[in-house]
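The primary structure of each chain is shown beneath.
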Amino acid sequence: MQNVPNFRRAQRIQSLEISEIVQLSERAAYLRAEGQDIVALSTGEPDFPTPPHVVAAAHSAALAGKTKYPATLGTPELRDEIARQAGVSRARVIVSTGAKQVLANAMLATLDPGEEVIMPAPFWTSYSDIVLLASGTPVVLPCPVEDGFRLTAERLEAAITPRTRWLMLNSPCNPTGTNYSEADLRALAEVLRRYSQVQILIDEIYDQLSYVPFTSFATVAPDLSERTLIVNGVSKAYAMTGWRIGWGIGPAAMISAMGAVQGQSTSGASSVAQAAALAALSGPQEFLLERREVFRSRRDMVVARLNAMPGVTCSRPDGAFYVFPDIRRAMATNGFESCARFCEDLLEQVGLALVPGRAFGMPGHLRLSYAYSEAELLAGLDRLERFITHVRPAAQEDSHPNRATV
C-alpha cells in the first residue's frame, strides 16, 4: 500500500479560512473572467491613485539604491516622522507590512492560550481570526444599530474577566463607519483604569476619513499610554493599499516584543514602500480634504438610495467609506434565511458583489463600500434594488457551479 502524506492542520488554525471578503472578491473576479457583467462594491480600496509625489519618492529611493534590507522595526526616517507627529520617541514606533501585520504582531507577542480579547461587533473580519491564530479567545460584544454600533462603558465592564488581555477597538470603524467621540472614549477609559491587566488596541486606520471631529484615544487617556497600542497606516487615506505600510505606536517594551515576532516572519517592510510612506506623511496634505469630501458626497448618495429601498434601513456613517445597512426585513420579505445566502444570490443572479454582515460578526446586514466611482455605485445600487424587488432565493444550493463558500 502506497504511503500517503497525512496532512494535518495545527489546532490553532482549525477554524481559519480565507475571509468572506476575499472569497467574494475572487468569485466576482472569476465570473468577470468568464465574461459576465459584474459590479463589485465589496473591497475597501480607494479608487483614487497614489499621489504622484509619493510615487516619485519611491522611484527616487529605488534609483538611489535604497533597496537593501531595512531595519526590522522600520527605517529611522519613517519611524522618526511617525514619532514626531504622534509626539513620542522612535522607540515607541514599529513599521510593518500593512496595519494587519501590526495587529498580528501584537497578538502573537502578548497572548497566551485562552486569554481573552474583547471586540465590539461589527468588527473588521480579520480581528477574530488574528486572535485565534495567536491562540487567544475572541469575546464578541454585539453593538446593534440601536446603540449606534458603539460599545458602551457598561457593556465593556460587564465583559471584563481575569483572563481579559486586550480591548480591540476600531474608530472610525470598518464596516459601520462609526466614529467614537471624545465622550465615548473617556467613558471607556474610565472603565479601563480599573483593570490594569487589560491592554488597549485602537485601530485608527481611517482617522483621516472622518466626517465628524476625530479624537484619538491617545489624547483622551495619556495616563494609559503604557497599555495602549495605536494602529495606523497609509493604505486608506493616501490610497496606498498595495504599498503595504502600516505602523504601531505603543510602549517601548511592547514594540520590542512585536519586533521580535516581525523579525522571524517578514523582517522589515519594503524599503522603497517606506520611502513612499515617508513622502506621504511629510508632503502635501491638502488633497486629503478634497478626497474626503468626494467620499462624503458618495456616502450621502448611497445612504439616500438604500433608505428608499423596500425592507432596507441604513444609518449615516461618521467616517471610513462603508455603509452597513440592515436588510433583515428585505430578507424576510424575499425568503432569505441568511445574509450570506442573500449575498451569494445577489452576485450570481444580478452580478453584484457585496459582503454579508456575518463576516463582521453581525448577521442581517451587508457591507457596501463606496470607495468606487459614482457610476459604479449607481450601477450597483440599481442592481441591489432590482434584486430586492424581484428576486427570490435560488432553488438549489448547488445550482451555481464554482460557487465560493460564503
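This text follows the structure it describes.
Since the model is a prediction, treat every value here as computed from it, not as a measurement. (Residues numbered from 1 in each chain as written. Predicted model: local features only at pLDDT ≥ 70, side-chain atom pairs only at ≥ 80, totals over all residues. Heavy atoms only, no water.)

Here we come to the pattern of salt bridges. Using the criterion set out here, one finds 19 salt bridges in the structure. Here aspartate 223 makes a salt bridge to arginine 193, at a shortest N to O gap of 2.7 Å. With a gap of 30 residues between them, aspartate 223 in the loop between α8 (217–220) and β7 (228–233) and arginine 193 in the loop between α7 (182–192) and β6 (199–203) connect regions that are remote in the sequence. Looking at arginine 193, the relative accessible area reads 34%, which means it is partly exposed. (Salt bridge = Lys/Arg side-chain N within 4 Å of Asp/Glu carboxyl O. Helix = DSSP H or I, 4+ residues; strand = E, 2+ residues; numbered from the N terminus. Buried < 20%, exposed > 50% of the residue type's maximum accessible area, 1.4 Å probe, protein only.)

Below, the discussion takes up helix α14 (residues 374–390). For α14, which comprises 17 residues, the first-to-last C-alpha distance of 24 Å matches the rise-based estimate of 24 Å (1.5 Å per residue) to within 8%. Within the sequence span of α14, burial applies to Leu377, Gly380, Leu381, Arg383, Leu384, Phe387 and Ile388. Seen end-on, α14 carries its buried residues on one side only, within an arc spanning 160°. In α14, the exposed residues that point more than 90 degrees away from the buried face are Ala375 and His390. The secondary structure elements touched by the buried residues of α14 are β1 (39–40), α11 (286–307), α12 (328–334), α13 (339–350), β10 (352–353) and β12 (366–369). (Expected span 1.5 Å × (residues − 1). Arc of directions from axis to C-beta. Contact = heavy atoms within 4.5 Å.)

This paragraph deals with the sheet that holds strand β5 (residues 164–170). Pairing in this open sheet of 7 strands is mixed, and the strands run β2-β8-β7-β6-β5-β3-β4 from one edge to the other. Because the sheet does not close on itself, it has two edges, and the strands there are β2 (93–96) and β4 (137–142). Averaged over all pairs of adjacent strands, the angle between strand axes in this sheet comes to 20°, irrespective of strand direction. The sheet contact formed by strand β3 (residues 116–121) and β4 spans 6 bridges and is parallel. (Pairing = 2+ DSSP bridges. Axes fitted to C-alpha atoms, helices over the stretch in contact; angles between N-to-C directions.)

Right, let's talk about the packing of aromatic side chains for a bit. Scanning the model with the defined rule gives 12 aromatic pairs in all. Look at phenylalanine 336 and phenylalanine 387: their rings are 5.6 Å apart centre to centre, the planes differ by 35°, and that puts the pair in the tilted class. In this pair, phenylalanine 336 is assigned in the loop between α12 and α13 and phenylalanine 387 in helix α14, connecting sequence segments 51 residues apart. Here phenylalanine 336 matches phenylalanine 387 in class, with each residue buried. Members of the aromatic cluster, connected to one another through ring pairs, are Phe48, Tyr206, Phe295, Phe321 and Tyr322. (Phe/Tyr/Trp six-rings, centres within 6.5 Å; stacked < 30°, edge-to-face > 60°.)

We now examine the nonpolar core. One finds Met107, Leu229 and Phe342 to be the most contacted residues of the largest nonpolar core, which totals 65 residues. Considering each element in turn, this core owes the most residues, 6 residues, to helix α4 (residues 99–110). If you look at the next biggest cluster of nonpolar residues, it comprises 48 residues, including Val139, Ala189, Phe217 and Ala237. (Core = buried A, V, L, I, M, F, W, Y, C linked by side-chain atoms within 4.5 Å.)

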